[in-house]
Structures are given as C-alpha cells and as structure tokens.
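One-letter residues, chain by chain:
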Amino acid sequence: SSFSPVGELFNILPLNFCLCGGDWLNAGDTQEVAAEKLLYADSQMKQLFSGKYYKMFGNHDTNYQGLVSETDSTRGDFSRDFIDKTYFSETGSAYYTFDGRNTSFFILDSWLDWTLQMDDYRWEQLDWLSNQLKNNRCQHKVIGIHMYYNEGQTVPMSEVLMDICDAFNLRQTISVNGREYDFSESVGKVHLIISGHNHVDELNYVGRDGEIPVVRTCAFMKDNTPNFDLCVLDYHTGYLHMIRVGTGENRKVKLAM
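Residues numbered from 1 in each chain as written. Predicted model: local features only at pLDDT ≥ 70, side-chain atom pairs only at ≥ 80, totals over all residues. Heavy atoms only, no water.

Participant: What should I look at first to understand the overall build of the protein chain in this one?
Facilitator: When helices and strands are counted, the protein chain shows 5 helices and 19 strands. A compact globule built from 257 residues would reach a C-alpha radius of gyration of about 18 Å, and the protein chain, at 18 Å, matches this within 12%. Viewed in the frame of its principal axes, the protein chain has a C-alpha envelope of about 55 × 45 × 30 Å. Relative to its full complement of 257 residues, the protein chain shows a buried share of 47%. Considering only residue pairs separated by 6 or more positions, the protein chain has 59% of its internal contacts joining residues 24 or more positions apart. Across the protein chain, 22 positive and 35 negative side-chain charges occur, with their mean positions spaced 7 Å apart. (Helix = DSSP H or I, 4+ residues; strand = E, 2+ residues; numbered from the N terminus. Rg over C-alpha atoms; globule rule 2.2 N^0.38 Å. Buried < 20%, exposed > 50% of the residue type's maximum accessible area, 1.4 Å probe, protein only. Contact = heavy atoms within 4.5 Å. Lys, Arg positive; Asp, Glu negative; His and termini not counted. Charge placed at Lys NZ, Arg CZ, Asp CG, Glu CD.)

Participant: Would you take a moment to explain the pattern of salt bridges for this structure?
Facilitator: Where charged atoms of side chains with opposite charge meet at close range, the side chains can pair. For the structure on display, the rule yields 17 salt bridges. Two residues, Lys 46 and Glu 90, come together in a salt bridge whose shortest N-O distance is 3.1 Å. Here Lys 46 is found in helix α2 (residues 31-48), whereas its partner Glu 90 is found in the loop between α3 (80-87) and β5 (96-99), with 44 residues between them in sequence. Owing to a relative accessible area of 27%, Lys 46 belongs among the partly exposed residues under this scheme. In this structure, Arg 80 and Asp 109 form a salt bridge, with 3.4 Å as the shortest nitrogen-oxygen distance. Taken together, the residues Arg 80 in helix α3 and Asp 109 in the loop between β6 (104-108) and α4 (120-135) connect sequence positions 29 residues apart. Residue class for Asp 109 comes out buried when judged on its relative accessible area of 0%. Connected through salt bridges with shared partners, the residues Asp 42, Lys 46, Lys 55 and Glu 90 form a single ionic network. (Salt bridge = Lys/Arg side-chain N within 4 Å of Asp/Glu carboxyl O.)

Participant: Looking at this structure, how should I read unusual backbone geometry?
Facilitator: Unusually for a residue other than glycine, Asn 63 sits at a positive phi of about 65°. Inspection of the secondary structure assignment puts Asn 63 in the loop between β2 (53-55) and β3 (67-69). Since its relative accessible area comes to 3%, Asn 63 is described here as buried.

Participant: Which parts of the structure should I look at to understand the pairing of strand β14 (residues 212-216)?
Facilitator: The side chains of a regular strand alternate, first on one face of the sheet and then on the other. With respect to burial, β14 is a largely interior element, 5 of its 5 residues being buried. The alternating pattern of β14 places Ile 212, Val 214 and Arg 216 and Pro 213 and Val 215 on opposite faces, both of which are buried. Relative to β14, strand β12 (residues 189-195) runs parallel, the two sharing 3 bridges. Bridging from a neighbouring strand, Ile 194 pairs with Val 215 of β14. Where strand β13 (residues 202-206) lies against β14, 5 bridges are found, and the strand directions are antiparallel. Following the sheet pairing, Leu 203 is matched in β14 by Val 215. Connecting β13 to the antiparallel partner β14 that follows it, the hairpin turn spans 5 residues, and Gly 207 within it adopts a positive phi of roughly 95°. (Pairing = 2+ DSSP bridges.)

So this is what it looks like as structure tokens:
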C-alpha cells in the first residue's frame with residue numbers, strides 16, 4: 001500500500017519505468033518467508049507499474065542475515081538458482097541490461113557487504129559489462145549497482161567499474177581480469193551511476209576526471225512517508241533532474257557528457 005502513490009503518479013505522468021535500488025528484506029527471516037516476501041513484492045510491483053519495473057539486487061535480498069528454517073538456524077542465503085531463475089526469472093540473471101526511451105541501462109549485482117573482495121562472480125559481471133559497453137550502439141548509457149560504497153568507502157568492485165567507465169568514456173583500452181577491451185571504436189557515454197545500499201541522499205563525482213556522478217537516494221519509507229524521486233534524464237542540457245516526492249530535496253545532477 002505504501003507504493004500506491006508511486007503507482008498513481010506513474011499512471012498520470014509520462015514516465016517510462018520504475019527502478020528499485022534493492023533491499024526489500026531486512027534480517028531474521030527463514031528462507032521460506034524471505035522468498036515469499038521477495039516474490040510477493042516483485043509481483044505487486046510488476047502489476048503496479050504494468051510490467052515496466054526493474055530492480056537491483058540488494059545485499060539484504062540474499063537473506064544472508066536470515067536462517068534456513070525454524071529448525072535450522074544456519075545462514076539462510078538463497079541459492080544462485082533461486083535468485084537467477086525465480087526472483088530474476090524475467091532476465092535469467094541478477095545482472096542484465098534493458099533499454100529506456102533513449103538510454104541503455106546496465107544493472108549489476110554487488111552481492112554481499114560481508115565479503116567485498118573480488119571473486120569469480122564479480123569478475124564475471126565486469127567482463128560482461130565490458131563486452132556490453134564495447135558493442136552496444138546506444139549513445140546514452142547508465143549503470144545501476146546496489147552497493148557502490150560501503151561505510152563511506154568505494155568497494156573493490158566499484159573501483160574496477162569506475163576504471164572501465166573511464167576507459168570507455170575516453171575510448172581507451174583496459175585489461176579486466178586478464179582480458180583486454182578496446183573501446184576505441186565504441187559508441188556513446190556512461191553518463192551516470194545509480195546506487196543504493198546506504199539509504200541516504202548523496203551525490204559524489206568519480207572517475208579519472210571526476211565527471212561521472214554516483215547518485216544515492218534515501219530509504220523508501222522515512223518518517224512513515226514514502227520517499228522517492230521522479231527522474232528525468234535531459235541530454236540537451238546535460239542534467240539529471242530528480243524531483244523528490246516525500247521528505248527531502250529536489251536535485252539537479254550534472255551528467256558526464
């Protein structure tokens with residue numbers, strides 16, 4: 001019911017889709033309850049936004065702070081099979097791409113904050129992204145990742161992501177996990193990174209020239225009020241306009257152009 005105001009505005013305004021930053025779950029759920037919660041929320045959001053709903057996978061959504069069952073108190077992490085084939089059944093993976101009206105969006109899965117070091121799954125995603133950026137012909141590109149920062153620090157996956165975005169925007173060559181990607185003939189620009197995790201309104205500029213904005217938005221429910229942003233990417237002026245509904249301020253974010 002808290003999302004009803006979002007759905008009402010979505011049906012009135014000329015918006016293209018709804019993007020969720022992740023973290024539907026909290027802690028203490030059994031795998032069965034956690035799965036019911038995730039799939040219920042997913043079903044409701046798809047109905048509310050007429051299928052034009054996309055999501056990032058939050059660290060809490062793994063149920064790593066839950067338990068297997070009421071009789072098994074071991075950690076309740078979901079299997080990769082459940083995440084990819086059930087929760088992300090529409091894409092088949094927690095990392096994927098989709099197209100807006102004028103923009104290609106690339107969604108990554110930052111995984112857990114308890115284990116931040118690079119691993120095979122994170123490298124797999126960054127190899128995938130490098131190939132996507134190299135071959136995608138859309139002029140406008142945006143990255144979505146739940147955890148760009150953790151406790152004020154750029155996480156290792158984000159550091160490599162930033163290097164890839166820099167190399168792409170500058171049409172350079174980069175080695176990612178031992179594989180070379182030459183962006184000299186690529187098309188477009190990574191204008192923006194959208195993240196979540198910290199549940200705060202914050203804007204930082206990253207990259208070699210400090211031109212790529214990383215935007216975070218506060219938790220959806222704050223002071224018993226739904227808080228969300230209506231976003232307009234304006235490539236003519238080079239700004240992202242974020243119009244706040246609820247508690248907080250409107251933001252005007254300079255894009256990497």
